[in-house]
Amino acid sequence: MALNYIWIFFFLAAFLIGLIRLLFFGDVEVFPNMVNETFDMAKTGFEISLGLTGVLTLWMGIMRIGEKGGIVNIFSRVIGPFFNKLFPELGKTHPAYGSIMMNIAANMLNLDNAATPTGLQAMKEMQATNPDKKVASNAQIMFLVLNTSGLTLLPISIMVYRAQLGAVNPSDIFIPILLATYFSTLAGLISVAIYQKINLLDKVILSYLGGLTLVIAGIIWYFSGLDKETVTQVSNLASNFILFSVIIAFIVLAVLKKVNVYESFIDGAKDGFKTAVKIIPYLVAILVAIGVFRASGAMEWLISGFTWLFEQAGINTDFTPALPTALMKPLSGSGARGMMVDAMSTHGADSFVGRVASTVQGATDTTFYILAVYFGSVGIKNTRYAVVCGLIADFTGIIAAIFMAYLFFH
């Protein structure tokens, strides 16, 4: 629903601003430019989607190998004790735990197709013991805020888009995204814990959070002491080494479980091809809307306004052309993806703006969409403080993403 209103707004705002430019500034080119942009962006959207087919087919195949090899179950066992502490009202043997663990692990691995069904199942199982069927329980809120914070270890889809749009090293945003999404998840977790009075000083919680925080702090400290060229070189090496190691780990796990690795890859690859085809209308729709919005001058006015505000505050404004991605992210995943693609198409995939937009896209998830779908699936009407905590996670993730982009790429 949110994307519907946003899409309509882009066209109406473009028309009104174009009319103002025509009537008051004598700009006779604005409407021809807007119409030409609809054709250009429709072509661009199709070409990008078509080009995604090969890379997306590859990575969906790799992900399927990992899934068949049991990597999701391994993740579930590793983080199980931690999540038991975050859902005290469920007790230790609630049937929802299995679905919760599978969902979080699938999200970490960017397995969207596996994450959504397990997430909906987790909501259904938690709803069964929810005393008030119209009001979100503490466990449901914690679960959804962890979802909206978007903790992802492998931002495959973003790397796929960067590859298609000509990035020299599509995975160079891997570590910055990992750091930014960690801060987003931490902020969401802390905000919900404060509302629910969960003891974050519990030894199990401290051991997980403390250990991970030390690792993240160490990474930031290490990279902050390097010059820009060395940061880029080390980050590229580490990102690609980790990613290839993951591929090898997935294959080895599958071999140990006597899985037919090749057939598993083909099964996943088929889904990747279908996904690439399915996104064509969505990508064309949002890119055309963004195109006319930009051609009318509205995007320039919007960015200029934010740039002026940041300049008054004495803040470097090189990141502001990537702000549309940040503003769209809580509202619409496909809308934010379109903004990211537009930023990379306009400024270049390897430009600072392109990398900021990519990092922002991977830092958090689509809060309003996730809350609507998951709460709607079980008939929850009163979401309590879920939106507030979700937006806290979003805001923290976006700020962290911009900071990481400056650290790694500026």
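The shown structure was predicted, so the numbers you read here are calculated from the model rather than taken from an experiment.

A look at the overall build of the protein
From N to C terminus, the protein includes 17 helices and 0 strands. Compactness check: the protein gives a C-alpha radius of gyration of 22 Å against a globular reference of 22 Å for 410 residues, within 12% of the reference. The dimensions of the protein, computed from C-alpha atoms along their principal axes, are 70 × 45 × 45 Å. Considering the protein as a whole, with its 410 residues, one finds that 51% of them fall into the buried category. When the accessible surface of the protein is summed, it comes to about 18500 Å², and 68% of that surface belongs to carbon and sulfur atoms. If you average the places of the 25 positive and of the 24 negative side-chain charges in the protein, the two averages end up 13 Å apart.

Structural notes on the nonpolar core
Ranked by internal contacts, the top residues of the largest apolar core, which has 118 residues, are F87 and F143. If you tally residues by element for this core, the top one is helix α11 (residues 261-295), at 12 residues. The residues touching F87, leaving out its near neighbours within four places in the chain, are Y97, I100, A139, M142, F143 and L146.

Remarks on the confidence of the model for the protein
Chain-level pLDDT for the protein is 86 on average; 96% of the residues reach the 70-or-more range. The secondary-structure element of the protein with the lowest mean pLDDT is helix α4 (residues 96-108), recorded at 77, while helix α15 (residues 352-363) shows the highest, at 94.

Quick look at the packing of aromatic side chains
What the rule picks out here adds up to 14 aromatic pairs. Note on Y182 and F183: the rings are 5.5 Å apart at their centroids and 65° apart in plane angle, and the pair reads as edge-to-face. Residue class for Y182 comes out buried when judged on its relative accessible area of 5%. Looking at F183, the relative accessible area reads 26%, which means it is partly exposed.

Things to note about the pattern of salt bridges
In this structure the tally under the stated criterion is 8 salt bridges. Between D350 and R162 there is a salt bridge whose closest N-O contact spans 3.2 Å. Note that D350 is positioned in the loop between α14 (333-347) and α15 and R162 in helix α7 (residues 156-164), a separation of 188 residues in sequence. For D350, a relative accessible area of 26% gives the class partly exposed.

Criteria and thresholds
- Residues numbered from 1 in each chain as written.
- Predicted model: local features only at pLDDT ≥ 70, side-chain atom pairs only at ≥ 80, totals over all residues.
- Heavy atoms only, no water.
- Helix = DSSP H or I, 4+ residues; strand = E, 2+ residues; numbered from the N terminus.
- Rg over C-alpha atoms; globule rule 2.2 N^0.38 Å.
- Buried < 20%, exposed > 50% of the residue type's maximum accessible area, 1.4 Å probe, protein only.
- Areas by Shrake-Rupley, 256 points an atom, 1.4 Å probe, with all protein chains shown as cover.
- Lys, Arg positive; Asp, Glu negative; His and termini not counted.
- Charge placed at Lys NZ, Arg CZ, Asp CG, Glu CD.
- Core = buried A, V, L, I, M, F, W, Y, C linked by side-chain atoms within 4.5 Å.
- Contact = heavy atoms within 4.5 Å.
- pLDDT = per-residue confidence, 0-100.
- Phe/Tyr/Trp six-rings, centres within 6.5 Å; stacked < 30°, edge-to-face > 60°.
- Salt bridge = Lys/Arg side-chain N within 4 Å of Asp/Glu carboxyl O.

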